[in-house]
Amino acid sequence: VRRGGVALCSRRIPRPRRGGLSAAGGLSPAWAGRCPPRTAAPRAVTAGRVVDMARLGHPVFDLIIDRLDVAAGQTILDLGCGRGPALHALLDREPSLQLVGFDVAAEAVAAVRAALPEVGAEVADLNEELPLDDGSVDRALCHNVLDCLEEPVASMHEVARVLRTGGKAVWSHT
């Protein structure tokens, strides 16, 4: 499958489930209440009104992008992309980037596809092997998702697998 100029592989090796985000997009009972639902857009209150953080240009995304040290033409992976606030910020910073976003929530992925058709957005369970070939991305980011994963260290190893030599990943939480 090709989306946004990046080839996605079809190889899937499921991991045992112990709680966390399910492939159906909901939280298993072991994690209920710990992580917010991934269907709602990140929101903030500005001048007494609620706004979508993707349109607000939340400063945390500028910090993440600074740490990623992105360059023109690179392939960037957003793990748990939600409705795309980091993807919007990345394209604002460097329009030539090849972007891929994965999220467990189909509604969030549909919103990214509608707003950013140039991004390869796919529904993916981050508790499983990523549907990308080895060494296929230059940078990866994961914001406010790591603590929702069943096996965070296994997911970090999976990101290391898909990063090219010299690649960089940033995990963050606010």
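Okay, so let's go over this structure. (Residues numbered from 1 in each chain as written. Predicted model: local features only at pLDDT ≥ 70, side-chain atom pairs only at ≥ 80, totals over all residues. Heavy atoms only, no water.)

1. Some thoughts on the pairing of strand E8 (residues 137-143)
Let me state the cut-off plainly: Exposed residues in this analysis have more than 50% of their type's maximum accessible area, buried residues have under 20%, and partly exposed residues fall in between, with area computed by a 1.4 Å probe over protein chains only. Labels follow the DSSP assignment, with helices taken as runs of H or I lasting at least four residues and strands as runs of E lasting at least two, numbered in each case from the N terminus. A pair of strands is treated as paired once DSSP finds two or more bridges between them. If the strands point away from the viewer and the path from the first strand over the helix to the second runs clockwise, then the crossover is right-handed.
Most of E8 sits out of view: seven of its seven residues are buried. Pairing analysis gives four bridges linking strand E5 (residues 75-79) to E8, with the strands arranged parallel. By the bridge assignment, leucine 77 is partnered in E8 with alanine 140. Bridge count between E8 and strand E9 (residues 163-172): six bridges; the pairing is parallel. When the bridges of E9 are listed, histidine 143 appears paired with serine 172. Handedness of the E8-helix H5 (residues 152-162)-E9 crossover: right-handed.

2. Concerning the sheet that holds E8
Paired through their backbone hydrogen bonds, the strands of a sheet run either parallel or antiparallel. Spelled out, the test is: For helices, the fitted line uses only the C-alpha atoms of the stretch in contact; every axis is such a line through C-alpha atoms, and the angle between N-to-C directions lies from 0 to 180 degrees.
The strand order E7-E6-E5-E8-E9 describes an open sheet built from five strands, whose pairing is parallel. Edge positions in the open sheet fall to strand E7 (120-123) and E9, since each of these has one partner strand only. Adjacent strand axes in the sheet meet at a mean angle of 15°, parallel and antiparallel pairs treated alike. As defined by bridge partners, strand E6 (residues 98-103) adjoins E7 across four bridges and the pair is classed as parallel. Opposite phenylalanine 102, over in E7, you have glutamate 122 as the bridge partner.

3. A word on the nonpolar core
This is how it is decided: Side-chain atoms within 4.5 Å are what join buried Ala, Val, Leu, Ile, Met, Phe, Trp, Tyr and Cys residues into a set we call a nonpolar core.
In this structure, Ile76, Leu90, Leu99 and Val119 are the most contacted members of the largest nonpolar core, which totals 22 residues. Mapped by element, the contributors of at least two residues to this core are helix H2 (59-68), helix H3 (85-93) and helix H4 (106-115). Within the second largest apolar cluster, 17 residues are counted, among which are Leu77, Phe102, Leu149 and Val159.

4. A short note on the packing of H2 against H3
Two packed helices can be described by the angle between their axes and the distance between those axes. The cut-off we apply is this: Here the word oblique covers every angle except those under 35 degrees (roughly parallel), over 145 (roughly antiparallel) and from 65 to 115 (roughly perpendicular). By convention the crossing between two helices is left-handed if the near helix lies anticlockwise of the far one by an angle smaller than a right angle, and right-handed if it lies clockwise. The contact criterion used throughout is that any non-hydrogen atoms of two residues lie within 4.5 Å. Residue type decides the class: Asp, Glu, Lys and Arg count as charged, Ala, Val, Leu, Ile, Met, Phe, Trp, Tyr, Cys and Pro as nonpolar, and the leftover types, Gly among them, as polar.
Axis separation between H2 and H3 bottoms out at 10 Å; the angle between their running directions is 60°. Here H3 runs oblique to H2, going by the angle between their axes. Between H2 and H3 the crossing geometry is right-handed. Taking contact as the criterion, the partners of Phe61, Asp62, Ile65 and Asp66 in H2 are, on H3, Pro85, Ala86, Ala89, Leu90 and Arg93. Its residues assigned to classes, the contact of H2 with H3 comprises six nonpolar, no polar and three charged.

5. Looking at H2
Along an α-helix, a turn takes 3.6 residues, which lines up residues three or four apart on a common side. Definition in use: When we speak of the arc, we mean the arc of directions from the helix axis to the C-beta atoms.
Taken residue by residue, H2 has Val60, Phe61, Ile64, Ile65 and Leu68 as its buried positions. One face of H2 carries all of its buried residues, which in axial projection span an arc of 135°. In this structure, H2 carries Pro59 and Arg67 as exposed residues pointing more than 90 degrees from its buried face.

6. Looking at the pattern of salt bridges
Pairing between side chains becomes possible if they bear opposite charge and their charged atoms approach one another. What counts here: Salt bridges are identified by distance alone: a Lys or Arg side-chain nitrogen within 4 Å of an Asp or Glu carboxyl oxygen.
Using the criterion set out here, one finds seven salt bridges in the structure. Across the salt bridge formed by arginine 93 and aspartate 62, the nearest N and O atoms sit 3.7 Å from each other. Linking arginine 93 in helix H3 with aspartate 62 in helix H2, this pair joins segments that are 31 residues apart in sequence. Salt-bridge contacts for aspartate 138 lead to arginine 164; the nearest nitrogen and oxygen are separated by 2.9 Å. Linking aspartate 138 in strand E8 with arginine 164 in strand E9, this pair joins segments that are 26 residues apart in sequence.

7. Considerations on H5
Where H5 is concerned, the buried positions are Ala154, Ser155, Glu158, Val159, Arg161 and Val162. Looking straight down H5, one finds that the buried residues subtend no more than 155° of arc, so they occupy a single side. Exposed positions of H5 whose direction lies more than 90 degrees from the buried face are Val153 and His157. Tucked into the core, H5 has its buried residues touching E5, E8 and E9.

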